[in-house]
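Each chain, written out:
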Amino acid sequence: MSTLLIIFALSIYLIFYFTYGKFLQKRIVGETEIEVPSKRMNDGVDYIPAHRLVLFGHHFASIAGAGPIVGPVLALAWGWLPAILWIWIGNVLIGAVHDYLSLMVSVRYDGKSIQYVAKDLLGKNAGISFLWFVLFLVILVIGAFAAIIADTFVSVPGSSTAYILQIIAALILGVLLYRSKLPFWLSSLIGIILLAFSIYGGFLWPIHLTYHTWIIILFFYIIIASAIPVNILLQPRDYLNSYLLYFGMLVGIVAALMSLKSFDIPAFTSFSANVIGGKSTPYWPAIPLIIACGALSGFHSMVASGTSSKQLASEGDGLFIGYGSMLTEGFLSTIVIVSIGAFGFTALGSHSTALANAHLFGQNYISQFVGNLGGAVAAFSKSYATMVSSMLHIGYNFMVIIASMWVAAFALTTLDTTNRIARYIVVEISEPLQKESITLYKFFTNRWIASIIPAFFGILLAWTKKYTVLWPAFSGANQLLASIALITVSVWIYKKLNRKYLYYALIPGVFLWITVTGALIWYTILIVPGYVKSNPLQGFLVGIIMVIMLILNFVLLFSMRSSFKKEEE
Amino acid sequence: MKYIFFMGKGGVGKSTLSSLIAYKLAKRGEKTVLISLDFAHNLGDIFNMKIGNKGVRLEEHLDIFEPDIDRWVEEYLRNTRVLIKENYKYVSVFNLDNMLNLMKNSPGIEEYAILHLLYEKTKALADMDYLVVDMPPTALALRIFALPFITREWLKTLLKLRKEILVKRERIANVHGKEKFDFAVDEHEDKVYRNLKEQEEENAFLLKLIQGANIIPVTLPVQLSFKETERILKKLSEFKLNVPFVIVNRVKNDEWKKGCVCIEDKEVKTFDDFEREIKFQDFDNIDSEILQL
Amino acid sequence: MNFDKIRRFLQLLEEVQKNKATDIIEFELKETENLFALITLGEMVGYANPPVSITLSLIPYMEREVILMTNRAVDSNDKLSDIASIMEVE
Ligand SMILES: Nc1ncnc2c1ncn2[C@@H]1O[C@H](COP(=O)(O)OP(=O)(O)OP(=O)(O)O)[C@@H](O)[C@H]1O
Ligand SMILES: [Mg+2]
């Protein structure tokens, strides 16, 4: 079953790439006489044509983070079938379409950002909504990820040591890469060896600290990380992480292909398993709040319209980069499903009665299964390690640390880089303040304030330890971003391409809009009050964010309507 | 070389006095250069001859120059445009033309032109004993004195930022190899850095020149002119520049003669009249002080 | 076998990794260069500006910075997507 699923996933992705993807490319996007921005506007600085493989590497590395791993782990509460279905269907019909079309719309718009295009096609409100969604996304992602990381460090103590040692490895690698005369491959090799040592160090000297101690450490870490030059720590560590990703994926695929094991966990538990905040959660519309990245992520529209669209060497490469890398990310999520589906129970060890049948499994999966394994990341890494160690005979403990570190390292990269993003948004959002009150404007746009505010709110949220509440909120913001992008490309198809094909983007867009809006309303009404009760401060914060997002979301819908209407006249 | 700058409100007698001093210094055998940095040159009128950019040698030891500032600015902008054309691969010069036109009229360019001309002349005439400068009217003169100080701060900031850029480029080039990028990596290659360094050198020279110079404000014995002189003194002392004394020109009343350096109001028409009428003795105290400088 | 093709492929992989090892620095470099341009050419964009003389004297050698500045001046929000392109935010 496990092997089958992998092969099946590969075939689906390949088939859709060559049929649906090519259809999107040929029919909807079509061809144009105008050259791509990288050539027409080649300026040797931002606009430079890049080889498709190089660009793919860049694009994929930017979109692959901890997201496609954590989401599927939680979604397994509904059973592996609903989870994998959303990963596959969501990916090929919505996510990859979203990524590909936002890349192409940006290419046709001289490489401008999706936010710019949204403003151009939908009006100013869309542009502003976009900014606010990103700001919320940043705060929530810090909250969710900090909680997940601290959880992982507690339940897999070796991963924290490994992580700290990796920092040292990165510091050394930084000197080798950027200052020494050693050839690139040699510095990299030394870096990889040091990375291996740090994992081994994690195996030898686990650090035991409490959850809240880690949260405090993370807070200071975020602030310090933003102050030191990137080439000292951030860049070399980010670079090392890429090897963790390659290694993790490669080993995962090989092991999963060899595993030939049946799934131990139920295919389907119930339509409303207990997922978010321990409450029974309806699969529809809540699923996009659980599995975002891996099926669909609005954040990718920003990546696509950032560097990728400015460096695309020919329009033909667009499908490979936009559609292709999203499929690869879906594949990563598939590996997660297979690891836990087939090896989760083995990793867990005991078959507790709380998980005895499908119904009970749906009810108790998060608390008994994920919880007993030590949280979302630990659940994945232990299952994954079980799979790899039994197939490839690599030490189990070693693999647990590698996998935990892989996910935690990516989550941490997110933490220390989001405050850079936050800084831009805070500056952007404060713009109108400049006229009203220059002192306030100066306050908010101060380098430190602008990066501490989101970090502070994020960490405040993480303090509650409730990542199953925070994760959906983060995903929600992410999905709303995606729905702006999808609506934008729909209007683009309608106005600038062929009206006939409008529905290929509009249907997923509207479907997503309805689903996410429904899910967020459900979340605000049923989940937020409980959160307020246990943690008033944080509960209110999340509640306010939700309400603002919902309002903006409706504003967006009206923008779209009037934009279609205008075209009609 | 010693530098003497005459400054003051329009019409107070800067040109007359600087000519006179230069002339008398030359007569004493000091190798002297007299240069007008005013747009409206009037040394030519005083000496009754055409002087111009190239200059005139009057007497054995006196050289006089009236550089054409406007023409220099024009030429400078033209050169900049040519340089841009030579150096730019992607951006067309026409895109920048608008901006260059704007800059022609933007404040600051004249001050720089004047300073740069001063720099060139001083460099070329390094073996002279005295350089006497007839400055333009107060406001512009003060801006000219201030410019090297402002420029120094900006250059400092820019050089620091540029170094940061070069360090980052070096890090990247260390991984990718220098060939991959068409940006310069080290300080000698980077034209921007080199240019900043050159500017810094020129500016340091000018700064030293100004800081070592004697600046002599000229005023008329009237309230309005005094008020202005007070402002001048205050500004100059902010920059810690040397002001050995102030000259009160065209004094009619004897009581003035007591406490200050002053020149009588003479019924004169030509420079020769002056030469005759205002003897070096009239400068008595000035004379001795200036020559001591 | 097709040795050249394999070599070319490995070269591309190396380039992918080299990019991975420098993308954040490159982003910061461009930011700093943009800042440099904004400061020196501030006159054009309406910021506090240094003496024109400095600007005029530097312009001929600042093509790269001029390009960066104009690319970013067209739409300041593009920066957001640019950073997104070098970081994993999920
Ligand atoms: N001591 C004096 N007695 C009589 N006339 C004088 C005296 N000093 C200057 N003048 C006359 O005053 C007029 C202005 O003098 P001058 O041109 O030297 O002033 P300036 O400060 O250089 O003026 P500008 O700012 O216009 O260049 C001239 O006609 C000059 O002959
Ligand atoms: Mg005069």
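Residues numbered from 1 in each chain as written. Chains lettered and ligands numbered in written order. Predicted model: local features only at pLDDT ≥ 70, side-chain atom pairs only at ≥ 80, totals over all residues. Heavy atoms only, no water.

The name recorded for chain B in an unreviewed UniProt entry is ArsA family ATPase, from candidate division TA06 bacterium. Database annotation for chain B, UniProt heading Sequence similarities (unreviewed entry): "Belongs to the arsA ATPase family." (UniProt positions renumbered as here; feature names shortened; annotations may be inferred.)

1. Some words on the overall build of chain B
In terms of helices and strands, chain B carries 10 helices and eight strands. The buried share of chain B, reckoned over its 293 residues, is 52%. In chain B, the proportion of contacts linking residues at least 24 apart, taken out of those at least 6 apart, comes to 71%. By element, 49% of the accessible surface of chain B is carried by carbon and sulfur atoms, the whole surface being about 14,600 Å². (Helix = DSSP H or I, 4+ residues; strand = E, 2+ residues; numbered from the N terminus. Buried < 20%, exposed > 50% of the residue type's maximum accessible area, 1.4 Å probe, protein only. Contact = heavy atoms within 4.5 Å. Areas by Shrake-Rupley, 256 points an atom, 1.4 Å probe, with all protein chains shown as cover.)

2. Here we look at the overall build of chain C
A tally of helices and strands in chain C yields five helices and zero strands. In chain C, the succession of helices and strands from N to C terminus is α-α-α-α-α. By residue count, 67% of the 90 residues in chain C fall in the buried class. Taking all contacts inside chain C whose residues are at least 6 apart in sequence as the whole, residues at least 24 apart take part in 64%. Roughly 3,300 Å² of accessible area belongs to chain C as shown, and the carbon and sulfur atoms make up 57% of that amount.

3. Considering helix α7 (residues 124–155) of chain A
The terminal C-alpha atoms of α7(A) lie 46 Å apart, and with 32 residues this matches the ideal 46 Å at 1.5 Å per residue to within 8%. Most of α7(A) sits inside the fold, with 26 of its 32 residues counted as buried. (Expected span 1.5 Å × (residues − 1).)

4. Some details on the coordination of the magnesium ion (ligand 2)
Residue and element names in this part refer to chain B. Only Ser15 (OG) and Asn42 (OD1) from the protein coordinate the magnesium ion (ligand 2), and they sit 1.9 to 2.7 Å from it. Of this pair, Ser15 sits in helix α1 (residues 14–27) while Asn42 sits in the loop between β2 (32–36) and α2 (43–47), and the two are 27 residues apart along the sequence. Overall, the relative accessible area of 9% leaves Ser15 in the buried class. (Donors = N, O, S within 2.8 Å, 3.2 Å for Na, K, Ca; no water.)

5. So, the interface of chain A and chain C
With 62 residues of chain A at the contact, the number on the chain C side is 41 residues. With both sides pooled, the region where chain A packs onto chain C buries about 4,300 Å², and carbon together with sulfur makes up 60% of that total. Counting every contact that joins chain A to chain C gives two salt bridges. Among the ionic pairs, Lys30(C) bridges to Asp46(A), the shortest N-O distance being 3.1 Å. In this assembly, chain A and chain C are joined by 14 residue pairs in polar contact (both at pLDDT 80 or more). Only α3 (52–63), α6 (114–122), α7, α8 (157–178), α11 (234–259), α13 (299–311), α17 (396–430) and α21 (467–496) of chain A provide two or more residues apiece to the side of chain A that touches chain C. In terms of residues, the side of chain A that touches chain C owes the most to one element, α17(A), which gives 10 residues. Of the residues that constitute the side of chain A that touches chain C, the class distribution is 31 nonpolar, 22 polar and nine charged. (Buried area = accessible area lost by both parts, 1.4 Å probe. Salt bridge = Lys/Arg side-chain N within 4 Å of Asp/Glu carboxyl O. Polar contact = N/O pair within 3.5 Å; in protein donor to acceptor, adjacent residues only side chain to side chain. Nonpolar A, V, L, I, M, F, W, Y, C, P; charged D, E, K, R; others polar.)

6. Focus on the packing of helix α14 (residues 317–348) of chain A against helix α15 (residues 358–373) of chain A
All names here are of chain A. One can describe the packing of α14 onto α15 by two numbers: an axis separation of 11 Å at closest approach and a directional angle of 60°. Compared by their axis directions, α14 and α15 come out oblique. Where α14 crosses over α15, the two elements pack in a sense that is left-handed. Contacts from Ile340, Gly344, Phe345, Ala347 and Leu348 in α14 reach Phe361, Tyr365, Gln368, Phe369, Asn372 and Leu373 in α15. The residue inventory of the contact of α14 with α15, partitioned by class, reads eight nonpolar, three polar and no charged. (Axes fitted to C-alpha atoms, helices over the stretch in contact; angles between N-to-C directions. Parallel < 35°, antiparallel > 145°, perpendicular 65-115°, else oblique. Left-handed = near helix turned anticlockwise from the far one by under 90°.)

7. Points about the packing of aromatic side chains
All names here are of chain A. For the structure on display, the rule yields 41 aromatic pairs over all chains. Between Trp78 and Tyr283, the aromatic rings sit 5.3 Å apart at their centres with planes inclined by 80°, giving edge-to-face as the arrangement. Placement of the pair is Trp78 in the loop between α4 (67–75) and α5 (80–108) and Tyr283 in helix α12 (residues 283–290), with a sequence separation of 205 residues. The pair Trp78 / Tyr283 is uniform in exposure class, with both members buried. Their ring planes at 85° and their centres at 6.1 Å tell us that Tyr243 and Tyr246 sit as a pair that is edge-to-face. On the criterion of helical spacing, the pair formed by Tyr243 and Tyr246 is a turn pair, its members being three residues apart in helix α11. (Phe/Tyr/Trp six-rings, centres within 6.5 Å; stacked < 30°, edge-to-face > 60°.)

8. Side note on the pairing of strand β1 (residues 2–7) of chain B
Residue and element names in this part refer to chain B. With respect to burial, β1 is a largely interior element, five of its six residues being buried. Pairing of β1 with strand β5 (residues 130–134), which is carried by five bridges, proceeds in the parallel orientation. Of the residues in β5, the one forming a bridge with Lys2 is Tyr130. (Pairing = 2+ DSSP bridges.)

9. Things to note about the pattern of salt bridges
What the rule picks out here adds up to 27 salt bridges over all chains. Between Asp110(A) and Arg40(A) there is a salt bridge, with the nearest N and O atoms lying 3.2 Å from each other. Note that Asp110(A) is positioned in the loop between α5 and α6 and Arg40(A) in helix α2 (residues 37–40), a separation of 70 residues in sequence. For Asp110(A), a relative accessible area of 26% translates into the label partly exposed. For Asp23(C), the salt bridge identified is with Lys20(C), shortest N-O distance 3.6 Å. Residue Asp23(C) and its partner Lys20(C) are located together in helix α1 (residues 3–40), separated by three residues, close to a single helical turn. For the residue pair Asp23(C) and Lys20(C), the accessibility class agrees, reading buried in each case.

10. Quick look at the site of ligand 1
Residue and element names in this part refer to chain B. Taken together, 17 residues surround ligand 1, and among them Gly13, Lys14, Ser15, Thr16 and Asn249 come closest. At a separation of 2.7 Å, an oxygen atom of ligand 1 approaches a polar side-chain atom of Ser15. Within the side chain of Arg250, a nitrogen or oxygen atom sits 3.1 Å from an oxygen atom of ligand 1. Taken by itself ligand 1 offers 630 Å² of open surface, and the protein chains cover 77% of this. (Near = heavy atom within 4 Å.)

11. A look at the interface of chain C and chain B
Taken residue by residue, the interface counts 36 residues in chain C and 43 residues in chain B. Summed over both partners, the interface of chain C with chain B comes to about 3,700 Å²; 75% of that surface belongs to carbon and sulfur atoms. Among the residues of chain C in contact with chain B, Leu56(C), Tyr61(C) and Glu63(C) are the three that bury the most area, contributing 18% of the side total. Counting across the interface, chain C meets chain B through five salt bridges. Residue Arg169(B) is joined to Glu65(C) by a salt bridge in which the shortest nitrogen-to-oxygen separation is 3.5 Å. Scanning the region where chain C abuts chain B turns up 10 residue pairs in polar contact (both at pLDDT 80 or more). Secondary structure elements with two or more residues in the side of chain C that touches chain B: α1, α2 (42–45), α3 (52–58) and α4 (63–74) of chain C. Residue contributions to the side of chain C that touches chain B peak at 14 residues, all from α1(C). Here the side of chain C that touches chain B is composed, by residue class, of 19 nonpolar, eight polar and nine charged.

12. Quick word on the pairing of β5(B)
Regular strands have side chains that alternate between both faces of the sheet. Residues and elements named next belong to chain B. Within β5, five of the five residues are buried, which leaves the element mostly enclosed by the surrounding structure. The alternating pattern of β5 places Tyr130, Val132 and Asp134 and Leu131 and Val133 on opposite faces, both of which are buried. In this sheet, β5 lies alongside β2 in parallel orientation, the contact comprising five bridges. Within β5, the position partnered with Leu34 by the bridge is Val132.

13. So, the packing of helix α6 (residues 138–176) of chain B against helix α7 (residues 191–212) of chain B
Residues and elements named next belong to chain B. Contact pair α6 / α7: the axes reach a minimum separation of 9 Å and the direction vectors enclose 155°. Taken together, α6 and α7 sit at an angle that is classed as roughly antiparallel. Relative to α7, the crossing made by α6 is left-handed. Of the residues in α7, those in contact with Ile144, Phe145, Pro148, Phe149, Thr151, Arg152, Leu155, Leu158, Leu159, Arg162, Lys163 and Leu166 of α6 are Val192, Tyr193, Leu196, Lys197, Gln199, Glu200, Asn203, Leu207, Ile210 and Gln211.

14. Quick notes on a nonpolar patch on the surface
Residues and elements named next belong to chain A. On the surface, a cluster of nonpolar side chains totalling about 550 Å² of accessible area is made up of Phe268, Phe271, Trp284, Val510, Phe511 and Ile514. In terms of residues, the nonpolar patch owes the most to one element, helix α22 (residues 503–534), which gives three residues. For Trp284, the position within the fold is in helix α12. (Patch = residues over 30% accessible without salt bridge, like charges linked within 9 Å, V, L, I, M, F, W, Y side chains within 5 Å.)

15. What to know about unusual backbone geometry
In this chain, Trp284(A) is followed by Pro285(A) through a cis amide linkage whose omega measures 10°. Counting through the fold element by element, Pro285(A) comes out in helix α12. We note that Lys240(B) has phi near 60°; this positive angle belongs to a residue other than glycine.

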